[in-house]
Amino acid sequence: QELKNAQQELDKLSFEKRQATALSSQEKISVIGIGRLGLCWALSLANAGYDVLGVDVFPSYVDALNKKKYKSREPHVIDELNRAKTFHATCKIGDAVEHSNTIYILVATPSTGGRNPYNTDQVARVLRSINALKPENKDIVISCTVAPTFCEQVAKQLISNCKNCTISYNPEFIAQGQILEGMWKPDTILIGEGSKEAGKKIVRHHLAIARNTPTICRMSTTSAEICKLSVNCFVTSKISFANQIGDICDRTPGAEKYTVLNAVGSDSRVGRKYLRPGYGFGGPCFPRDNRALYHWADVVGIDAKCLKATDAYNDYHTQLQAERLLKSGKTTHTISNVGYKDPCPVAIVEESQKLRIAEILARAGHDVTISDVD
């Protein structure tokens, strides 16, 4: 009921009022890790009225940001950088710790495969660096994806010398090529709060940016870690299901897959989002998040058959697509727009299913040409 009442109060506040509140507060925020995602978060905070200091390890990159000479293909980033009056960048973590009592961490946690799907070395290094400074009364917010229990069992231990400091978890639900749009109009703001006050602060920061009235979900850090993975796993399940129905229709005379799935999606219990047949899911988030959750399930003694089937069918569907081309009679193929999704305004090919198909064709001796703008 407390969360419901708070949500109702927040819904009454217009976007303009939220930004005016942020501007008048003169609050300072630090963002450690200002790559593609972290930069968007930092610029959004700055343009909402906060005084933001970003941290990155590359001096030339930091210099380009400070001089507003950085170039990006991520939509809106250049415009946001040019109008950001209260954003600066540095290479020194110590400056970020001194700058603000709220420190967001958005460094990379790349996929490692196997039972440890996220390499959290960079997060750990940042936390150790903060710990060495022995700050007090800081709210540290991890916004990069980590496995369940990381915040509670690892992150807290790494800041043991930091008196009265909290660890919260606040992952973003965004898509590459649409990062700022995702931050501006989120469906949900997920917060694993290290304390009630830290949670309120994170809510305030998001609502200063959000141009809609998203649902606020506040919970423990471990619950939030599982929730983040669960959302992406549900989406991947819909994608694999749609492709499975599509494959069934393709082999059933008289069946038309788009008509079938459009009707299925019209049921409010299902919904049409991510329910179209096509290529399998790829990219830097969906595949690893799906694997991360079923590996965690194994750790706690649950055989997550649905999640494993989602992953297995994604591979099987790609194999079927390649086999159709192998049996088509053609031995020369041109595969275009090989980003992990189409359209994809940024050059990301991680786990691209189109590239996987190209590999299968090439290994079978076919002549394959990759055609793309990058």
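For the structure, check the block above.
In this text, all values refer to a predicted model and were calculated from it rather than measured experimentally.

Participant: What's the story with unusual backbone geometry in this structure? I'm lost.
Facilitator: What you tend to see is this: most non-glycine residues have negative phi, and most peptide bonds are trans. If you check the backbone angles, lysine 134 has positive phi at about 50° while not being a glycine. Checked against the element boundaries, lysine 134 lands in the loop between helix H7 (121-133) and strand S5 (139-142). In this model, asparagine 137 sits at a positive phi of 60°, which is unusual for a non-glycine residue. By the element assignment, asparagine 137 lies in the loop between H7 and S5. In this structure asparagine 137 comes out as partly exposed when scored by relative accessible area, which is 42%.

Participant: How should the pattern of salt bridges be read in this particular structure?
Facilitator: Pairs can form between side chains of opposite charge once their charged atoms are near each other. Summed over all chains, the structure comprises 21 salt bridges. Across the salt bridge formed by arginine 324 and aspartate 250, the nearest N and O atoms sit 3.6 Å from each other. Remark: aspartate 250 occurs in helix H11 (residues 221-250) and arginine 324 occurs in helix H14 (residues 305-326); sequence separation between them is 74 residues. Its relative accessible area of 36% is what places arginine 324 among the partly exposed residues. Salt-bridge contacts for aspartate 303 lead to lysine 305; the nearest nitrogen and oxygen are separated by 2.9 Å. A residue is classified by how much of its surface remains accessible, and aspartate 303, at 42% relative accessible area, is partly exposed.

Participant: In this structure, what is going on with the side chain of glutamate 27? I would like to understand it.
Facilitator: Looking at where glutamate 27 falls in the secondary structure, it is placed in the loop between helix H2 (15-25) and strand S1 (28-32). With relative accessibility at 14%, the residue glutamate 27 sits in the buried group. Side-chain polar atoms of glutamate 27 contact the side chain of arginine 204, separated by 3.1 Å. Within the structure, the side chain of glutamate 27 is placed 2.8 Å from the side chain of histidine 205, a separation counted as a polar contact. When near neighbours in sequence (up to four residues on either side) are disregarded, glutamate 27 contacts Tyr50, Asp51, Thr102, Lys201, Arg204 and His205.

Participant: So what exactly am I meant to see when it comes to H7 here?
Facilitator: Since the α-helix turns once every 3.6 residues, residues separated by three or four places project in the same direction. For H7, spanning 13 residues, the distance from its first C-alpha to its last is 19 Å, which sits close to the expected 18 Å at 1.5 Å a residue. Those residues of H7 that sit buried are Val123, Ala124, Val126, Leu127, Ile130 and Asn131. Relative to the axis of H7, the buried residues are bounded by an arc of 160° and lie together on one face. Buried-residue contacts for H7 involve S1, helix H6 (93-99), strand S4 (102-105), S5, helix H8 (150-158) and strand S6 (166-169). Immediately downstream of H7, the backbone of lysine 134 shows phi near 50°, a positive value.

Participant: So what exactly am I meant to see when it comes to the packing of aromatic side chains here?
Facilitator: Ring pairs (aromatic) are described by centroid distance and by the angle formed between their planes. This structure, assessed with the given rule, holds four aromatic pairs. Residues tryptophan 41 and tyrosine 104 carry aromatic rings whose centres are separated by 5.2 Å and whose planes lie at 75° to one another, so their mutual orientation is edge-to-face. Taken together, the residues span a long stretch of sequence, with tryptophan 41 in helix H3 (residues 36-47) and tyrosine 104 in strand S4 at a distance of 63 residues. One exposure class covers both tryptophan 41 and tyrosine 104, and it is buried. Between tyrosine 61 and tyrosine 70 the ring centres are 5.2 Å apart and the planes differ by 80°, which places this aromatic pair in the edge-to-face class. For tyrosine 61, a relative accessible area of 17% puts it in the buried group. Judged by relative accessible area, tyrosine 70 falls into the partly exposed class, the value being 22%. The ring centre of tryptophan 184 lies 3.9 Å from the NZ or CZ of arginine 211, which sits over that ring.

Each value, and the rule that gives it
- Residues numbered from 1 in each chain as written.
- Predicted model: local features only at pLDDT ≥ 70, side-chain atom pairs only at ≥ 80, totals over all residues.
- Heavy atoms only, no water.
- Helix = DSSP H or I, 4+ residues; strand = E, 2+ residues; numbered from the N terminus.
- Buried < 20%, exposed > 50% of the residue type's maximum accessible area, 1.4 Å probe, protein only.
- Salt bridge = Lys/Arg side-chain N within 4 Å of Asp/Glu carboxyl O.
- Polar contact = N/O pair within 3.5 Å; in protein donor to acceptor, adjacent residues only side chain to side chain.
- Contact = heavy atoms within 4.5 Å.
- Expected span 1.5 Å × (residues − 1).
- Arc of directions from axis to C-beta.
- Phe/Tyr/Trp six-rings, centres within 6.5 Å; stacked < 30°, edge-to-face > 60°.
- Lys NZ or Arg CZ within 6 Å of the ring centre and 35° of its normal.

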